[in-house]
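A structural walkthrough
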Amino acid sequence: MKNKQDLNNIIEELHQSFLLLMDKGRKEFAIISYPSILKIYGVKNPDLRLILKELRVICKDFTAAKKMELAKLLINEGYMETVQLAYEFIGIEKKALELFTEADFNDFTKGMDNWVCVDTFGVHVFGIAWRNQQISTNFIHQLAKHPNFWMRRLALVATIPLNMKSRGGKGDIEKTLAVCELLVNDRHDMVVKALSWSLRMLSSIGKNEVENFMVKHQAVLHARVKRELNTKLTTGKKN
């Protein structure tokens, strides 16, 4: 009971920090740019990083399991900022991240109905867990067939850490293209954008393979994907 109370006290302190750092303009931007059922304080990203730094100091002596428990409690709070904080916290706490398995998936994806949460989770936690073989490739492929387009987007975003050097990725052409193959015909805007992102990221280490993928799927690739890929392959930039 004491352990739970300690965690609840930490969460209450974090809420006070969020309240102090609320920004009306940021809140209005968030509501328009990534509407969600999650409540929103309106905290700017630099300020969120300050809170993350504060949280890591508070929890420096916690076990990895206790950090995972705290992350799940933060997600349950139902605020955009507490969810983002949980993802980034676990993403940077390597020992805690090593505990993440498919059994934790539902706890981490509660209220996942916006691209910010999908992308933060996919890049900081989920994709790295897949890369480290804590998540099976079959699990990713099942997500790619999910009726919820956010889950399909997540399957593509999970490929980003495979190929992003700044996230420790060394490149995995086969796994990335296998997911892209499953979603090449998807026309939902959120999935189309993620497909473009995935292929553009892969092009930095597998340019020839991406070009071959484009030729193979020329007839079905969304115009946006073709345009952004052509620009990336010829100029090295997205647009």
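Residues numbered from 1 in each chain as written. Predicted model: local features only at pLDDT ≥ 70, side-chain atom pairs only at ≥ 80, totals over all residues. Heavy atoms only, no water.

1. Digging into the packing of helix α12 (residues 173-183) against helix α14 (residues 207-216)
Defined as follows: Orientation is described by axes fitted as lines to C-alpha atoms, over the contacting stretch for helices, and by angles from 0 to 180 degrees between their N-to-C directions. Secondary structure counts use DSSP, requiring at least four H or I residues in a row for a helix and at least two E residues in a row for a strand, with both numbered from the N terminus. Comment on the angle field: the value is read as roughly parallel under 35 degrees, roughly antiparallel over 145, roughly perpendicular from 65 to 115, and oblique elsewhere. A clockwise turn of the near helix away from the far one marks a right-handed crossing, whereas an anticlockwise turn of less than a right angle marks a left-handed crossing. Contact between two residues is taken to exist if any of their heavy atoms lie within 4.5 Å; hydrogens are not considered.
α14 packs onto α12 with a crossing angle of 20° between their chain directions and a minimal axis gap of 11 Å. In terms of axis orientation, α12 runs roughly parallel to α14. Considering the relative orientation of α12 and α14, their crossing is right-handed. On the side of α12, the interface is formed by Ile173, Leu177, Cys180 and Glu181, while α14 contributes Glu209, Phe213 and Lys216.

2. Concerning the nonpolar core
Quick reminder of the rule: Working definition of a nonpolar core: buried Ala, Val, Leu, Ile, Met, Phe, Trp, Tyr and Cys residues. They are joined through side-chain atoms within 4.5 Å. Relative accessibility under 20% of the residue-type maximum defines a buried residue, over 50% an exposed one, and the middle range a partly exposed one, all with a 1.4 Å probe and only protein chains included.
In this structure, Phe100, Phe121 and Phe126 are the most contacted members of the largest nonpolar core, which totals 82 residues. Ranked by residues supplied to this core, first place goes to helix α8 (residues 115-131) with 10 residues. Beyond its immediate sequence surroundings of up to four residues, Phe100 is in contact with Met68, Phe105, Phe108, Phe121, Val125, Phe126, Ala129, Gln134 and Ile135.

3. Overview of unusual backbone geometry
Most peptide bonds take the trans form, and the phi angle of most residues other than glycine is negative. The phi dihedral of Gln133 falls on the positive side, at around 65°, and the residue is not glycine. Inspection of the secondary structure puts Gln133 in the loop between α8 and α9 (137-144). On the basis of relative accessible area, Gln133 is assigned to the exposed category, the value being 69%.

4. Describing the side chain of Asn163
Following the sequence through the fold, Asn163 ends up in helix α11 (residues 160-163). Classification of Asn163 as buried rests on a relative accessible area of 2%. Ignoring sequence-local partners within four residues, the contact set of Asn163 consists of Gly169, Gly171, Asp172, Thr176, Met201, Leu202, Ser204 and Ile205.

5. Looking at the pattern of salt bridges
Quick note on the threshold: Salt bridges are identified by distance alone: a Lys or Arg side-chain nitrogen within 4 Å of an Asp or Glu carboxyl oxygen.
Using the criterion set out here, one finds 13 salt bridges in the structure. Between Lys44 and Asp23 there is a salt bridge, with its nearest N and O atoms 3.8 Å apart. Pair noted here: Lys44 is in the loop between α2 (24-33) and α3 (45-58) and Asp23 is in the loop between α1 (2-20) and α2, with a separation of 21 residues, a long-range link. The residue Glu88 makes a salt bridge to Arg49 at a minimum N-O spacing of 3.2 Å. A residue pair is termed long-range when its members are at least 10 positions apart, and Glu88 in helix α5 (residues 80-92) and Arg49 in helix α3 qualify at 39 residues. Overall, the relative accessible area of 39% leaves Arg49 in the partly exposed class. Connected through salt bridges with shared partners, the residues Arg56, Lys67 and Glu93 form a single ionic network.

So yeah, pure geometry; function would need other evidence.
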